[in-house]
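# Working through the structure, step by step
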Amino acid sequence: MFLALVGIGIAFVILVMLMFIMSRWRKVGPNEALIISGIGKRRGFRIVQGGGTFVLPVLEQVQTLSLEVMTLDVNVVDVYTAYGVPVTVDGVAQVKVRGDETAIATAAEQFLGKTPEQTREIARQTLEGHLRAIVGAMTVEELYRNRDAFAQRVAEVAESDLANMGLTIVSFAIRDIRDKQGYLDALGRPRIAQVKRDARIAEAEAERDAAIRAAQAQQEAKTAEYEAQTKIAESSGILKRYNSSIRFKLTRRRLKPTSPITSANINLSNNLSSRR
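These figures come from a predicted structure and were not determined experimentally. (Residues numbered from 1 in each chain as written. Predicted model: local features only at pLDDT ≥ 70, side-chain atom pairs only at ≥ 80, totals over all residues. Heavy atoms only, no water.)

## What to know about the environment of Glu109
As for its placement among the helices and strands, Glu109 is situated in helix H2 (residues 101–111). Residue classification places Glu109 among the exposed positions, given a relative accessible area of 58%. With 57 residues separating them in the primary sequence, Glu109 and Gly166 have C-alpha atoms 9.1 Å apart. (Helix = DSSP H or I, 4+ residues; strand = E, 2+ residues; numbered from the N terminus. Buried < 20%, exposed > 50% of the residue type's maximum accessible area, 1.4 Å probe, protein only.)

## Some words on the sheet that holds strand S6 (residues 70–80)
Reading across from one edge, S6-S7-S8 is the order of the three strands in this open sheet, with antiparallel pairing throughout. Because the sheet does not close on itself, it has two edges, and the strands there are S6 and strand S8 (167–178). This sheet shows a mean twist of 20 degrees between the axes of neighbouring strands, independent of strand direction. Here nine bridges tie S6 to strand S7 (residues 86–97), and the two strands are oriented antiparallel to one another. Its bridge partner being in S7, Asp73 is matched across the sheet by Val92. Its contacts with the sheet place helix H3 (residues 116–136) against S6, S7 and S8, and it is angled at close to 35 degrees to S6. (Pairing = 2+ DSSP bridges. Axes fitted to C-alpha atoms, helices over the stretch in contact; angles between N-to-C directions. Contact = heavy atoms within 4.5 Å.)

## Quick word on the layout of surface pockets
Taken as a whole, the largest pocket spans an internal volume of roughly 260 Å³. As for the largest pocket, its lining consists of 15 residues, of which Leu65, Ser66, Met70, Pro116 and Thr119 are closest to the centre. For the lining of the largest pocket, the elements supplying multiple residues, two or more each, are strand S5 (60–66) and H3. Across the lining of the largest pocket, the residue classes break down as seven nonpolar, five polar and three charged. (1 Å grid on protein atoms, 1.4 Å probe; cavity = no way out; pocket = protein on both sides within 12 Å on 5 of 7 lines; lining within 4 Å. Points joined across faces, edges and corners; volume = space filled by probe spheres on them. Nonpolar A, V, L, I, M, F, W, Y, C, P; charged D, E, K, R; others polar.)

Written as structure tokens, this is what we have:
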């Protein structure tokens, strides 16, 4: 009986210990990182990605850092370009915490304890500052005609500042560039006029080509009809000549002189008739 109670007690203790360990075991997905701080850490915390770890009660504290992509609307309003034309630029950026341990540690120092909205706002303000500076150094024509190069330049300049916060730019694109003075509309008018002119020319050329092809088709049809009629006429002439040849031969046969024996018989019959 005593041994049975001891066995039950040992099993209970093991069960409690397993439950305790399971309650302190923290798992993390591939899109986040665990930041575990406490005593005995060389830099104050340790990082766990895509797995699990045991967190010591009381001695350690665990926080989660998201590694997911953040979509940011980046807008600057009425920023003066190099020649003093105010423009408004709308862009969109995809930003995330880099996946290496150094970047995660940097991002943990910068953003742990902040809400996702606060993190996005910090990144957005950084991008908008660089966007504003680059717009001020370019002309409207450069912004309008080289949007991809403009967006790439913003991303390259902002990348270093974001890297200091453990972030990286996945993508950055310019959605719209506009102004209130009609400057961009004026830039586009020559191109619009050229496109309309080219469209009219292309339409006229297409109509001309269609008319030429129709005329060629009619001419080919008339030529084919003439050739067919010519062949019919030639065939009819050959037939007529053949019929004439046959009639001529038949006529010659009818008009051919009578043989000597037939003539003698005829003369004898005539003489007998006269004597009677």
